[in-house]
Amino acid sequence: MGNEATATPRRATRLLLTSDTHLPLRARRLPDELLQTVEWADLVVHAGDWVDEATLDLLAYRARRLVGVHGNNDSPELQARLPEMARFLEGGLRFGVVHETGAARGREGRCAARYPDLDVLIFGHSHIPWDTQAPGGLRLLNPGSPTDRRRQPHCTYMTCTVADGTLGEVVLHRLPQR
């Protein structure tokens, strides 16, 4: 036994991904399950269409860290507080957040060309959960909406972990009917 340094593995960062909350138009409040998951998460990511500044204030207050962007339904006040696109480095991966990526057809190739410097792109707008990988490795994630399922069977959000340059399992959470 020598003086070998033993590396202590770092705990993975826990992410909560949400989008398209549309409060108070589509629901009066965020679902309790989502708010409980905010407490679990190290980082909350919101991909736009908050609609209500109070939702931004609530998540900013409750989240350890918050990254958000504005969407097409957000007021000028929200647009002044939030960027159209956000980038951050977490757990050795390069993340980007935008609200809209255009039509589903051709999305992977289009996003890979537009964001060649990212490992993961989180987006919203459609309210349709999405988890695919583009040629070249870009992972595309849309958590759906926790408050407005539109034509989807459930309202949804996502969680995942990231550590040492690896995105852990991405889990789509289906919320109970209100």
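Criteria and cut-off values
Residues numbered from 1 in each chain as written. Predicted model: local features only at pLDDT ≥ 70, side-chain atom pairs only at ≥ 80, totals over all residues. Heavy atoms only, no water. Phe/Tyr/Trp six-rings, centres within 6.5 Å; stacked < 30°, edge-to-face > 60°. Buried < 20%, exposed > 50% of the residue type's maximum accessible area, 1.4 Å probe, protein only. Lys NZ or Arg CZ within 6 Å of the ring centre and 35° of its normal. Pairing = 2+ DSSP bridges. Helix = DSSP H or I, 4+ residues; strand = E, 2+ residues; numbered from the N terminus. Core = buried A, V, L, I, M, F, W, Y, C linked by side-chain atoms within 4.5 Å. Contact = heavy atoms within 4.5 Å. Salt bridge = Lys/Arg side-chain N within 4 Å of Asp/Glu carboxyl O.

> Just checking my understanding: could you explain the packing of aromatic side chains for this structure?
Geometrically, a pair of aromatic rings is defined through the distance of the ring centres and the angle of the planes. By the definition in use, this model includes 1 aromatic pair. The interplanar angle of 0 degrees and the centroid separation of 4.9 Å between the aromatic rings of phenylalanine 88 and phenylalanine 95 together place this pair among those described as stacked. Like phenylalanine 88, the residue phenylalanine 95 is buried in the burial classification. A cation sits over an aromatic face here: arginine 107 above tryptophan 130, 4.4 Å from the ring centre.

> Would you explain the pairing of strand β7 (residues 130-133) in this entry?
Put simply, side chains in a regular strand alternate between the two faces of the sheet. One ladder, built from 4 bridges, connects β7 with strand β8 (residues 139-142); its direction is antiparallel. Note that in β8 the partner of threonine 132 across the bridge is leucine 140. Joining the antiparallel neighbours β7 and β8 is a turn of 5 residues, in which glycine 136 adopts a positive phi near 95 degrees.

> It is not clear to me how the nonpolar core should be interpreted in this structure. Could you clarify?
Side chains of nonpolar character tend, in soluble globular proteins, to be buried together. Counting 20 residues, the largest nonpolar core has Leu17, Phe95, Val97, Ile122 and Leu167 as its most contacted members. At the level of secondary structure, the elements contributing two or more residues to this core comprise β1 (13-18), β2 (43-46), β4 (85-90), β5 (93-98), β6 (120-122) and β9 (156-163). Those residues within four positions of phenylalanine 95 in sequence are excluded, and the remaining contacts are Leu15, Ala86, Arg87, Phe88, Glu90, Leu118, Val120, Ile122, Val162 and Leu167.

> What is the right way to read the pattern of salt bridges from this model?
Should the charged atoms of two oppositely charged side chains come close, the side chains can pair. Following the criterion strictly, the structure yields 13 salt bridges and no others. Put simply, arginine 11 and aspartate 42 hold a salt bridge, and the shortest N to O gap is 3.0 Å. Of this pair, arginine 11 sits in the segment before β1 while aspartate 42 is found in the loop between α1 (32-40) and β2, placing the two residues 31 residues apart along the sequence. Overall, the relative accessible area of 55% leaves arginine 11 in the exposed class. For aspartate 42, a relative accessible area of 12% corresponds to the buried category. A salt bridge links aspartate 119 to arginine 94; its shortest N-O distance comes to 2.9 Å. Placement of the pair is aspartate 119 in the loop between α4 (107-114) and β6 and arginine 94 in strand β5, with a sequence separation of 25 residues. Aspartate 119 sits in the partly exposed class, given a relative accessible area of 21%. Linked through salt bridges whose partners overlap, the residues forming this network are Arg11, Arg14, Asp42 and Arg64.

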